[in-house]
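Coordinate analysis (summary)
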Amino acid sequence: DGGITQSPKYLFRKEGQNVTLSCEQNLNHDAMYWYRQDPGQGLRLIYYSQIVNDFQKGDIAEGYSVSREKKESFPLTVTSAQKNPTAFYLCASSIATGQETQYFGPGTRLLVL
Amino acid sequence: SQQGEEDPQALSIQEGENATMNCSYKTSINNLQWYRQNSGRGLVHLILIRSNEREKHSGRLRVTLDTSKKSSSLLITASRAADTASYFCATVSWGKLQFGAGTQVVVTP
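We now turn to the structure provided with this report. Predicted model only: the values in this text are computed from it and were never measured.

Cut-off values and rules
- The residue numbering used here restarts from 1 in each chain and proceeds along that chain's sequence as written.
- Chains carry letters from A onward and ligands carry numbers from 1 onward, assigned in written order.
- In view of the model being predicted, local features appear only for residues whose pLDDT reaches at least 70, and side-chain atom pairs are presented and counted only at 80 or more, with totals across whole chains, interfaces and linings using the full set of residues.
- Each side-chain value is derived from all of the structure's non-hydrogen atoms; neither hydrogens nor water enter the calculation.
- Here the rule is simple: two strands pair whenever DSSP picks up at least two bridges between them.
- In DSSP terms, a helix is any run of H or I states spanning at least four residues, a strand is any run of E spanning at least two, and both are numbered starting from the N terminus.
- Under this scheme, a helix contributes an axis fitted over its contacting stretch, all axes are lines through C-alpha atoms, and angles between N-to-C directions fall in the 0 to 180 degree range.
- Two residues form a contact once any of their heavy atoms are found within 4.5 Å.
- Accessible area that two parts lose when put together, with a 1.4 Å probe and added across both, is what the buried area reports.
- For this analysis, a salt bridge means a side-chain nitrogen from Lys or Arg found within 4 Å of a carboxyl oxygen belonging to Asp or Glu.
- Each polar contact in these results corresponds to two N or O atoms within 3.5 Å; when the atoms are within protein, one needs to be able to donate a hydrogen and the other to accept it, and residues that are neighboring in sequence are counted only if both atoms are side-chain atoms.
- Between buried and exposed lies partly exposed: a residue is buried under 20% and exposed over 50% of the maximum accessible area for its type, with that area taken using a 1.4 Å probe on protein chains only.
- For the charge count, each Lys or Arg is scored as positive and each Asp or Glu as negative, with His and the chain ends excluded.

Thoughts on the sheet that holds strand β6 (residues 55–58) of chain B
All names here are of chain B. One open sheet accounts for five strands, arranged β1-β3-β8-β7-β6; its pairing is antiparallel. Each edge of the sheet is formed by a strand with only one pairing partner; in this case those strands are β1 (5–7) and β6. The average undirected angle you get between the axes of adjacent strands in this sheet is 20 degrees. With six bridges joining them, strand β3 (residues 19–24) and strand β8 (residues 71–76) adopt antiparallel strand pairing. If you follow A19 over to β8, its bridge partner there is I76.

Here's what the structure looks like:
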């Protein structure tokens, strides 16, 4: 059963706390992405990775960090420096960066307590 | 920054009617993609049209691309209640997807 999974579905963050969102894919894709979606808006790119041990900042990387130690996994940490973290976070993967279709996970909704 | 902009922002139609939404973009592109998002879910890829193509079909979907006008349209024919979702265009340039804000489509039985 191939696909891309994200956990948890809902995540609550306290003031000053770092939280990590999980993203796993078994599609054997090289490229992975993290997007942020605010209500009524499109997706904005946070970080992307073209290959293991490599990642690049997207349009809104401040306050976020990522790692890519395994091909299957691309976790996103929302740090305390991100002052407005409440949003819907979507992970995606594609065969390679460039022109290919992206496959999306079900998303994680992050809420601030 | 958002490359694509969809129009209209929202669309309400009855089952059986056609739904048309448009996407305009600013810079040259490699290809343009359309995605669907059901409420609170991830995006699902619908169709990809390359910059050298003018029209593409997939089931009840028809996509056109006019690179001279920097615009694309998505037509859903004979709509169903299950087509209720937000639809996003995404342009590919410099190896990255850039999404518009989407068109919210509601299909009533």
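From this point, the discussion proceeds with the structure in view.
Regarding the environment of N53 of chain A
Along the chain, the position of N53 of chain A falls in the loop between β5 (43–51) and β6 (54–57). In contact with N53 of chain A, other than residues within four places in its own chain, are R68 and E69 of chain A.

Some thoughts on the interface of chain A and chain B
Tallying the contact residues gives 21 residues for chain A and 23 residues for chain B. Between chain A and chain B, the buried area comes to about 1,600 Å², and carbon and sulfur atoms account for 51% of it. The interface formed by chain A and chain B includes zero salt bridges. Counting across the chain A and chain B interface gives three residue pairs in polar contact (both at pLDDT 80 or more). Among the elements of the structure, β4 (31–37), β5 and β9 (87–94) of chain A are those that each provide at least two residues to the side of chain A that touches chain B.

Topic: the side chain of Q37 of chain A
Along the chain, Q37 of chain A falls in strand β4. A polar atom in the side chain of Q37 of chain A sits 3.2 Å from the backbone oxygen of Q41 of chain A. If we ignore the near neighbours within four places in the chain, the residues touching Q37 of chain A are G42, L43, A87, F88 and L90 of chain A together with Q37 and F88 of chain B.

Comments concerning unusual backbone geometry
Going from S7 of chain A to P8 of chain A, the amide bond is cis rather than trans, its omega being -10 degrees. Its location among the elements puts P8 of chain A in the loop between β1 (4–7) and β2 (10–13). The omega torsion across D7 of chain B and P8 of chain B is 0 degrees, close enough to zero to call that bond cis. Of note, the phi angle at N53 of chain A is positive, near 65 degrees, even though the residue is not glycine. By relative accessible area, N53 of chain A is classed as exposed at 63%.

Quick notes on the side chain of R68 of chain A
Residue and element names in this part refer to chain A. As for its placement among the helices and strands, R68 is situated in the loop between β7 (64–66) and β8 (76–78). No salt bridge forms around the buried R68; measuring N to O, its nearest opposite-charge neighbour D30 is 5.8 Å away. At 2.8 Å, the side chain of R68 and the backbone oxygen of D30 are in polar contact. Of the polar contacts made by the side chain of R68, one reaches the backbone oxygen of K70; its length is 3.3 Å.

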